[in-house]
Amino acid sequence: MSNFLHYKAIDWNKLEDELDKHIWEKLTSQFWLDTRIPVSNDLDDWRNLTEVERDVVNKAFGGLTLLDTLQSEEGANVMRSDVRTQHEEAVLNNILFMESVHAKSYSTIFISLNDNRKIDEIFAWTNTNERLQYKAKRIHDIYQTGTALQKKIASVFLESFLFYSGFYTPLWYLGNNLLPNVAEIIKLIIRDESVHGTYLGYKFQLSYNKLTEEQQADVRDWMYDLLFDLMDNELTYTEELYDQIGWTSDVKTFVKYNANKALQNLGFDPLFPHAAAEDVNPIVMNGLSTETANHDFFSQVGSGYLMGEVEAMEEDDYDF
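Residues numbered from 1 in each chain as written. Predicted model: local features only at pLDDT ≥ 70, side-chain atom pairs only at ≥ 80, totals over all residues. Heavy atoms only, no water.

K.L.:
Would you mind showing me how to read unusual backbone geometry here?
P.N.:
Leave glycine aside and you will find that most residues have negative phi; peptide bonds, for their part, are mostly trans. Of note in this structure, Leu-179 is not a glycine but carries a positive phi near 50°. Its place among the elements puts Leu-179 in the loop between helix H8 (164-175) and helix H9 (180-208). Its relative accessible area of 3% is what places Leu-179 among the buried residues. Within the chain, His-274 stands out as a residue other than glycine whose phi angle is a positive 55°. (Helix = DSSP H or I, 4+ residues; strand = E, 2+ residues; numbered from the N terminus. Buried < 20%, exposed > 50% of the residue type's maximum accessible area, 1.4 Å probe, protein only.)

K.L.:
Hey, could you run me through the pattern of salt bridges in this one?
P.N.:
Two side chains carrying opposite charge are able to pair once their charged atoms lie near each other. Going through the model one piece at a time under the given rule, you end up with 13 salt bridges. One salt bridge in this structure joins Asp-17 and Lys-203, with 3.2 Å as the shortest N-O distance. Note that Asp-17 is positioned in the segment before helix H1 (18-29) and Lys-203 in helix H9, a separation of 186 residues in sequence. We note that Asp-17, like Lys-203, is buried. A salt bridge links Glu-88 to Lys-203; the shortest N-O distance between them is 3.3 Å. (Salt bridge = Lys/Arg side-chain N within 4 Å of Asp/Glu carboxyl O.)

K.L.:
I keep staring at the nonpolar core and nothing clicks. Help me out?
P.N.:
For soluble globular proteins, the rule of thumb is that nonpolar side chains tend to be buried together. Within the largest apolar cluster, 92 residues are counted, with the highest numbers of intra-cluster contacts made by Phe-61, Tyr-106, Phe-157, Phe-161, Phe-167, Tyr-242 and Phe-254. Sorting elements by how many residues they give to this core places H9 first, with twelve residues. (Core = buried A, V, L, I, M, F, W, Y, C linked by side-chain atoms within 4.5 Å.)

K.L.:
Explain the packing of aromatic side chains to me, please; I cannot follow it from the model alone.
P.N.:
The description of two aromatic rings rests on the distance between their centres and on the angle between their planes. Applying the stated criterion across every chain, the model contains 20 aromatic pairs. Aromatic side chains Phe-157 and Phe-161 sit 6.4 Å apart centroid to centroid with 90° between the ring planes, which places their arrangement in the edge-to-face category. Highlighted residues: Phe-157 and Phe-161, both in helix H7 (residues 148-162), separated by four residues, approximately one helical turn. You'll find Phe-157 and Phe-161 in the same group, each marked buried. Through a chain of ring-to-ring contacts, three or more aromatic side chains come together here, namely Phe-163, Tyr-164, Phe-167, Tyr-168, Trp-172, Tyr-173, Tyr-242, Trp-247 and Phe-254. A cation sits over an aromatic face here: Lys-135 above Tyr-237, 4.3 Å from the ring centre. (Phe/Tyr/Trp six-rings, centres within 6.5 Å; stacked < 30°, edge-to-face > 60°. Lys NZ or Arg CZ within 6 Å of the ring centre and 35° of its normal.)

K.L.:
What exactly am I supposed to notice about helix H3 (residues 51-75) here?
P.N.:
Here H3 contains 25 residues, and its C-alpha end-to-end distance of 34 Å stays within 8% of the 36 Å for a straight helix at 1.5 Å per residue. When you tally the buried positions in H3, you get 18 out of 25 residues, the bulk of the element. (Expected span 1.5 Å × (residues − 1).)

K.L.:
Is there a simple way to think about helix H6 (residues 130-145) in this case?
P.N.:
Three or four residues apart is the spacing at which side chains of an α-helix point the same way, because the helix has 3.6 residues per turn. Here H6 is 16 residues long and its end C-alpha atoms lie 22 Å apart, about the 22 Å a rise of 1.5 Å per residue gives. Considered for burial, the residues of H6 that qualify are Leu-132, Lys-135, Ala-136, Ile-139, Ile-142 and Tyr-143. Seen end-on, H6 carries its buried residues on one side only, within an arc spanning 125°. Facing away from the buried side of H6, by more than 90 degrees, are the exposed residues Glu-130, Lys-137 and Thr-145. Buried residues belonging to H6 abut H3, helix H5 (116-126), H7, H8 and helix H10 (213-242). (Arc of directions from axis to C-beta. Contact = heavy atoms within 4.5 Å.)

K.L.:
What is the right way to read the layout of surface pockets from this model?
P.N.:
To find leftover empty space, one rolls a probe the size of a water molecule over the atoms. Of the pockets and cavities examined, the largest pocket occupies roughly 280 Å³. Taken together, 15 residues line the largest pocket, and the ones lying closest to its centre are Arg-54, Asp-55, Asn-58, Asn-114 and Lys-118. Class assignment of the residues belonging to the lining of the largest pocket gives a composition of four nonpolar, two polar and nine charged. (1 Å grid on protein atoms, 1.4 Å probe; cavity = no way out; pocket = protein on both sides within 12 Å on 5 of 7 lines; lining within 4 Å. Points joined across faces, edges and corners; volume = space filled by probe spheres on them. Nonpolar A, V, L, I, M, F, W, Y, C, P; charged D, E, K, R; others polar.)

K.L.:
Looking at this model, I keep getting lost on the packing of H7 against H10. Mind explaining?
P.N.:
To describe two helices that pack against each other, one gives the angle between their axes and the distance between the axes. For the pair H7 and H10, the least separation of the axes is 11 Å and the interaxial angle reads 35°. Two packed elements cross with a definite hand, and for H7 against H10 that hand is right-handed. Packed against H7, whose contacting residues are Leu-149, Gln-150, Ile-153, Ala-154, Phe-157, Phe-161 and Leu-162, the element H10 presents Val-219, Trp-222, Met-223, Leu-226, Leu-227, Leu-230, Met-231 and Glu-234 at the interface. Its residues assigned to classes, the contact of H7 with H10 shows 13 nonpolar, one polar and one charged. (Axes fitted to C-alpha atoms, helices over the stretch in contact; angles between N-to-C directions. Left-handed = near helix turned anticlockwise from the far one by under 90°.)

K.L.:
Would you explain the packing of helix H4 (residues 86-113) against H9 in this entry?
P.N.:
Relative orientation of the contacting elements H4 and H9 amounts to 155°, with a least axis distance of 11 Å. It follows that H4 is roughly antiparallel to H9 by the angle criterion. In this structure, H4 meets H9 at a crossing whose hand is left-handed. On the side of H4, the interface is formed by Glu-88, Val-91, Leu-92, Ile-95, Met-98, Glu-99, His-102, Ser-105, Tyr-106, Ile-109 and Leu-113, while H9 contributes Val-182, Ile-185, Ile-186, Ile-189, Asp-192, Glu-193, His-196, Tyr-199, Leu-200 and Lys-203. The class makeup of the residues in the contact of H4 with H9 is 13 nonpolar, three polar and five charged. (Parallel < 35°, antiparallel > 145°, perpendicular 65-115°, else oblique.)

Here it is in structure tokens:
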């Protein structure tokens, strides 16, 4: 009996970090499933799109499927060994499950709008596209071999930045009163990802702030190297996807806007100029800002920590 492993029961009434409970309640309160949204009601809109437009939508969602698959299989899972509290691990369990919901939801969209042959083509393109595979492999490698802080940086970049080249498309159509049910699924995914990125950015800051100045400099250098590498790949991917429809310049601005948001989630200043909210296509920003307009994202929490009461994706989002 002396070698018996003693397990510690989780007590939600005694919190080391009150934000853990706040995030748990936030995530569970916004639980959703793709099967509850009537995507097939968008078929008339879908049929009226040009073949090129449908190709852009399908490929954008194929890319999003790949990234959410990576998150559902590895994302929160690889951070378990670095949790600060039992409650944090419970939050990661929730995040991991919802990433699986996200990944599945794109299949719901595909089967509602496309035939099986087209769906096979979408996945064949997704699974062989060089730029998509590069960013998935880059994040995967960090998840498997990186430090605790590097894993959080990679996850925040994925959640708060790399998804958004794909999110642009449904938000644009939503702003033009098209594909509203498809956009509803994306808005729900964005709502989740916004909380995930903010939460992991906060956990990153707790550990980062305890490092020496020299150690912090090393982490920052590594982070910026990763950011520039991912951005270079992302801009090329954006060209490949959106040149055919003439949206490339606007999407690049949107991508940089969200890269700045990812940096803010990690506690750093925005880096990319000419990528503020007012620089983004107002149709897309309107769709993005209304995504959680009626949701109180974060409020005052314990331990002297304050996250501002904001609406998602406004200029002062996630200010620490």
